[in-house]
Amino acid sequence: MSSEFLQKRQLFDALPQFGRVCAEYIWIGGSGTDIRSKTKVLEKVPISADDLPVWNYDGSSTKQAPGHDSEVLLKPESIYRDPFRKGENILVLCSTWRPQDDGSMVPLSCVDDIASVFGVSGNNTRSVAEKIFNNPKVAEQDIWFGIEQEYTLFNSDKVTPLGWPKGGFPGPQGPYYCSAGTENAFGRDIAESHLRACMYAGINVSGINAEVMPGQWEYQVGPCTGIDSGDQLTVSRYLLMRVCEVFDVIVTFHPKPIAGDWNGAGCHTNFSTKDMRENTCEYEYTPMDGPYKGEKLTGSWAKMIESLENLRVKATQHISVYGSENHLRLTGKHETQSMESYSYGVADRGASIRIPRETFSKKYGYLEDRRPASNMDPYVVTSMIAKTILLFDEE
């Protein structure tokens, strides 16, 4: 978007709205990675999402419904400040539902088996996740998530990553991670603009950094509790897409945007339960497998190792819904563990799950699941982690 265009646009942005409010309804589209939105004008500022009306859209245009029965309903779930319109205007994250003949509605389901699409679908996965997070055993543990969203910026040709020579390659990886300087850092203005947009909107963004591959960046969202993690990450992705519109740059969440000796893009998911992070847990556990096999463990550390061993048992199920094209990234190279293996280790970025050094030293804290791809569905991943570590005995 040219500076001349922006100046013209600002002439209209400054016009008064006379008490009316623009609400941008946001939802996940049919591919599971496309995020859609449209604007509803309200007569007053809503106090909460419950004050907002259910709306609808043409699901046949998003590959979420057939043309002969195309209506999909948008149920407002959470509200954020709008960093683009500013003022009292809002962003509204919505879940998707199908209307029934009796006037009720059911969660939208486009794919019967989400593992068939590696967990990335146009389904209303939020509804499924909310049931898990509302389970009393899960709710009492106040599970926290901190998600590290990696992404790659491309020029408008959709072929050349930002900072790469057209038709060629930059120097090898090494100088780009957490870098400074025109020759190393490509896209900082976009990353900084996105950071400020998230902060303004009310997203609990906790940091940004340039990543290992040139043109690749990361931001972190969290800690967030339960369902709020999926909500905030989804809105943060939408904000990134909108920021990239302004800069005429394309963002991709593909886990391996460039083949070869280049790092892929992940969505590392840090997590902790109340028992893991508060050093007051009274518990004993003796693992039957893994690096602590046969050792009698106690307290929060026992809970953490038990969770890691439960995740071992469910490793295949997790990988099957941890993102599309993830096999291109999880090769055992470039700071990943192979998809066919499961491991955990202290400060080990080549493991499936990393135990931070501080957590190991204190014997309480958090863990990092390094397997999710950058295009993963946050509702699927966070709820599956919660289900495996807190509801394992009920499966």
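In this text the structure is predicted, and so the values were computed from the model without any measurement.

Criteria and cut-off values
Residues numbered from 1 in each chain as written. Predicted model: local features only at pLDDT ≥ 70, side-chain atom pairs only at ≥ 80, totals over all residues. Heavy atoms only, no water. Helix = DSSP H or I, 4+ residues; strand = E, 2+ residues; numbered from the N terminus. Buried < 20%, exposed > 50% of the residue type's maximum accessible area, 1.4 Å probe, protein only. Contact = heavy atoms within 4.5 Å. Areas by Shrake-Rupley, 256 points an atom, 1.4 Å probe, with all protein chains shown as cover. 1 Å grid on protein atoms, 1.4 Å probe; cavity = no way out; pocket = protein on both sides within 12 Å on 5 of 7 lines; lining within 4 Å. Points joined across faces, edges and corners; volume = space filled by probe spheres on them. Nonpolar A, V, L, I, M, F, W, Y, C, P; charged D, E, K, R; others polar. Polar contact = N/O pair within 3.5 Å; in protein donor to acceptor, adjacent residues only side chain to side chain. Core = buried A, V, L, I, M, F, W, Y, C linked by side-chain atoms within 4.5 Å. Phe/Tyr/Trp six-rings, centres within 6.5 Å; stacked < 30°, edge-to-face > 60°. Lys NZ or Arg CZ within 6 Å of the ring centre and 35° of its normal. Expected span 1.5 Å × (residues − 1). Disulfide = S-S within 2.5 Å. Pairing = 2+ DSSP bridges.

Draft legend 1. Molecular detail of the overall build of the chain. Counting its regular elements, the chain contains 10 helices and 16 strands. Projected onto its principal axes, the C-alpha positions of the chain cover 70 × 60 × 40 Å. Taken over 395 residues, the chain has a buried fraction of 53%. Pairs at least 24 residues apart make up 64% of the contacts formed inside the chain by residues separated by at least 6 positions. When the accessible surface of the chain is totalled, it reaches about 18,200 Å², and 51% of it is carbon and sulfur.

Draft legend 2. Focus on the layout of surface pockets. Approximately 520 Å³ is the volume attributed to the largest pocket. Lining the largest pocket are 18 residues, and of these L6, P83, F84, K86 and V246 sit closest to its centre. Put simply, the parts of the chain that give the lining of the largest pocket at least two residues each are α1 (3–13), α4 (188–201) and α5 (227–246). Here the lining of the largest pocket is built from residues that sort into 9 nonpolar, 2 polar and 7 charged.

Draft legend 3. Spatial organisation of the environment of W27. Inspection of the secondary structure assignment puts W27 in strand β1 (residues 21–28). The buried category is assigned to W27, whose relative accessible area is 5%. Taking the C-alpha atoms as reference points, W27 and I90, separated by 63 residues in sequence, lie 14 Å from one another. In this structure, W27 is in contact with D34, I35, R36, S37, K38, Y57, T62, Q64, L74, C94 and T96, ignoring residues within four places of it in sequence. A distance of 3.4 Å separates a polar atom in the side chain of W27 from a polar atom in the side chain of Y57.

Draft legend 4. Fine view of the environment of T298. Position of T298 among the secondary structure elements: in strand β13 (residues 297–298). Sequence separation between T298 and Y200 is 98 residues, and the spatial gap between their C-alpha atoms is 43 Å. Not counting residues within four places of it along the chain, the set of residues in contact with T298 comprises Y283 and E284.

Draft legend 5. The nonpolar core, seen in detail. Judged by nonpolar contacts, the single largest core of 72 residues is most densely connected at Y151, L153, I203 and L239. Among the elements that make up this core, the one with the highest residue count is α5 (8 residues). Beyond its immediate stretch of four places on either side in the chain, L153 contacts P161, L162, F186, G187, I190, G215, W217, C244, V249, I250 and V251. Listed in part, the 15 residues of the second largest apolar core include V21, L42, I90 and C94.

Draft legend 6. Representation of the packing of aromatic side chains in the model. One pass over the full model with this rule turns up 11 aromatic pairs. An angle of 50° between the planes, with centres 6.0 Å apart, marks the rings of Y151 and Y219 as tilted. Here Y219 lies in strand β9 (residues 216–225) and Y151 lies in strand β7 (residues 144–154), a separation of 68 residues in the sequence. Ring-pair connections join several aromatic residues into one group, and the members of that group are W164, F169 and W262. Sitting over the face of the ring of W301, K363 holds its NZ or CZ atom 5.1 Å from the ring centroid.

Draft legend 7. Main features of helix α7 (residues 299–313). Helix length check: α7, at 15 residues, gives a terminal C-alpha distance of 22 Å against a target of 21 Å (1.5 Å per residue), a fit within 8%. By the criterion of burial, α7 is predominantly enclosed, with 12 of the 15 residues buried. Among the residues of α7, those classed as buried are G299, S300, W301, A302, M304, I305, E306, S307, L308, E309, N310 and L311.

Draft legend 8. Summary view of the state of the cysteines. According to the stated counting rule, one finds 0 disulfides in the structure shown. Of the cysteine sulfurs around C178, a residue in no disulfide, the closest is that of C267, at 17 Å. Free of any disulfide, C244 has its nearest neighbouring cysteine sulfur in C198, separated by 11 Å. Residue C244 is classed as buried on the basis of its relative accessible area of 2%.

Draft legend 9. Layout of the pairing of strand β2 (residues 35–42). The pairing of β1 with β2 spans 8 bridges and is antiparallel. Within β2, the residue paired with Y25 across the bridge is K38. In this antiparallel pair of consecutive strands, β1 and β2, the connection spans 6 residues, and G32 shows a positive phi of 90°.

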